[in-house]
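# Commentary on secondary and tertiary structure
Now for the letters of each chain:
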Amino acid sequence: MPARIIDGKQIAADLRADLAREAAALRERGLVPGLTVILVGEDPASVIYTRNKQQVAAELGYKSELIRLPATTTQDELLELIARLNADPTVHGILIQSPLPPGLDEEFIFSQVHPDKDVDGFHPVNVGRLWTGQKGLVPCTPAGIMHMLRVTGIDPKGLRAVVVGRSNIVGKPMAALLLNAHATVTLCHSRTRDLPAVCREADILVAAVGRARMITADYVKPGAVVIDVGVNKVPGTKNKIVGDVDFEPVAEVAGHITPVPGGVGPMTIAQLMKNTLIAARRAWGLPEEG
Ligand SMILES: Nc1nc2c(c(=O)[nH]1)N[C@@H](CN(C=O)c1ccc(C(=O)N[C@@H](CCC(=O)O)C(=O)O)cc1)CN2
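Residues numbered from 1 in each chain as written. Predicted model: local features only at pLDDT ≥ 70, side-chain atom pairs only at ≥ 80, totals over all residues.

Turning next to the UniProt feature "domain: Tetrahydrofolate dehydrogenase/cyclohydrolase NAD(P)-binding" (unreviewed entry) in the protein chain. When the UniProt feature table is mapped onto this chain numbering, "domain: Tetrahydrofolate dehydrogenase/cyclohydrolase NAD(P)-binding" (unreviewed entry) sits at residues 139–282. Counted over residues 139–282, helix gives 36% and strand 17%. Its end C-alpha atoms are 17 Å apart. (UniProt positions renumbered as here; feature names shortened; annotations may be inferred. Helix = DSSP H or I, 4+ residues; strand = E, 2+ residues; numbered from the N terminus.)

Right, dumping it as structure tokens:
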């Protein structure tokens, strides 16, 4: 029996529609959420992602700004800009697109965004809040995955979750979110021994390794929920991408599966819009939900 497809495109569209409604209601009270996205350099994928972020924020009725800087920008210039945005009360979310060009200290730069405006959830204060179960801002991709699970009716409580990949952007925060949702979590990586056997334990399997089609059907327990975070270019094609999961054979075994494209990817930007609204509501002293 083939798996049920979790349609990230549709879930993201529904979330954006909810956020647009909420933003419209706030605008009637004179409150406008503000997002500033910073792109340094010309990385082609980053140019597209940041343009999309700016456009989606504008479509939702946010104050939306994309600041594009040359790859020659110095660390001091970038820090000066961040300090100005930290002090600007009309800006509730600041996002610096990753990767930054060589010569810029990404970790330090991210740590200079005010934690309450850190809509990427990368600041060490927000990382600490996440792991201690406190309210903060959570990285968009894993927070978006939790939203997908919620609307699909999948409650991680009591389930075994395996996350493959230990990046700061996806793997680690994903593990923390699943743990906070009362799953029993295993975080795997390239040195995990007998990875297929560990993955076969999973009721929820999250693949975030960045290796095309690495998760084959023999990694998957029948009926498992398989979440594919991979975005891997197919060599020799212009724009074709595949995930970390070998989709067709895995879909024969899994109970639910996210496709690539159209699964987790679209949730990243929708969740960024949600994080911006959360940051704005907190800045205005309003309760979290509309
Ligand atoms: N500051 C940040 N930098 C980066 C982040 C981030 O969350 N914050 N994440 C990634 C890139 N990213 C957003 O920035 C992103 C990646 C993928 C998608 C997406 O919608 N993917 C589509 C396919 C797109 C394609 O065809 O190429 C999909 O999976 O359906 C959105 C956003 C790194 N940098």
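Of the two faces of strand β7 (residues 204–207), both are covered, the one formed by Ile-204 and Val-206 as well as the one formed by Leu-205 and Ala-207. As defined by bridge partners, strand β5 (residues 160–164) adjoins β7 across four bridges and the pair is classed as parallel. In the strand pairing of β7, Val-163 is matched with Val-206. Strand direction decides the pairing type here: β7 and strand β8 (residues 225–228), joined by four bridges, are parallel. Its bridge partner being in β8, Leu-205 is matched across the sheet by Val-226. (Buried ≥ 20, exposed ≤ 12 C-beta atoms within 10 Å, placed from the backbone. Pairing = 2+ DSSP bridges.)

For the protein chain, the assigned domains read domain 1 (30–114) and domain 2 (140–265). Between the C-alpha centres of domain 1 and domain 2 there is a distance of 28 Å. (Domains from an automatic or database assignment.)

Neighbouring the ligand are 18 residues, the closest being Tyr-49, Ser-98, Pro-261, Gly-265 and Thr-268. Looking at the shell around the ligand element by element, the count peaks at four residues for helix α10 (residues 264–283). Residue classes in the shell around the ligand are distributed as eleven nonpolar, six polar and one charged. When residues of the shell around the ligand are assigned to domains, at least three map to each of domain 1 (30–114) and domain 2 (140–265). (Near = placed C-beta within 6 Å. Nonpolar A, V, L, I, M, F, W, Y, C, P; charged D, E, K, R; others polar.)

All right, on to the sheet that holds strand β2 (residues 34–40) then. Taking strand neighbours across the sheet as the criterion, the three strands line up as β3-β2-β4 in an open arrangement whose pairing is parallel. Either end of the sheet is taken by a strand with one partner, and the two such strands are β3 (63–69) and β4 (93–96). For this sheet the average axis-to-axis angle between neighbouring strands, irrespective of direction, equals 15 degrees. (Axes fitted to C-alpha atoms, helices over the stretch in contact; angles between N-to-C directions.)

Of the two faces of β4, the one carrying Gly-93 and Leu-95 and the one carrying Ile-94 and Ile-96 are both buried. As paired elements, β2 and β4 share four bridges and run parallel to each other. Opposite Thr-36, over in β4, you have Ile-94 as the bridge partner.

Okay, the packing of helix α6 (residues 140–152) against α10 next. Two elements in contact, α6 and α10, have axes separated by 8 Å at closest approach and are oriented at 100 degrees. Between α6 and α10, the crossing angle belongs to the class labelled roughly perpendicular. Residues Cys-140, Thr-141, Ala-143, Gly-144, Ile-145, His-147 and Met-148 of α6 form the contact with α10, whose own contacting residues are Val-264, Met-267, Thr-268, Ala-270, Gln-271, Leu-272 and Asn-275. (Parallel < 35°, antiparallel > 145°, perpendicular 65-115°, else oblique. Contact = placed C-beta atoms within 7 Å.)

Time to look at the packing of helix α1 (residues 8–27) against α10. Look at α1 against α10: their axes get within 8 Å of each other, and the N-to-C directions meet at 15 degrees. Comparing the axis directions of α1 and α10 gives the class roughly parallel. As α1 packs across α10, the resulting crossing turns out to be left-handed. Here Gly-8, Lys-9, Ile-11, Ala-12, Leu-15, Arg-16, Leu-19, Glu-22 and Ala-23 of α1 come into contact with α10, specifically with Val-264, Gly-265, Pro-266, Met-267, Ala-270, Met-273, Lys-274 and Leu-277. Here the residues of the contact of α1 with α10 are counted per class, giving eleven nonpolar, two polar and four charged. (Left-handed = near helix turned anticlockwise from the far one by under 90°.)

Turning our eyes to something else, we now look at the confidence of the model for the protein chain. It should be kept in mind that the predicted coordinates are not to be read in detail where pLDDT is low. In this model, the protein chain carries an average pLDDT of 97, and 99% of its residues clear a pLDDT of 70 or more. We note a pTM of 0.97 for the whole complex and an ipTM of 0.94 for its interfaces. (pLDDT = per-residue confidence, 0-100.)

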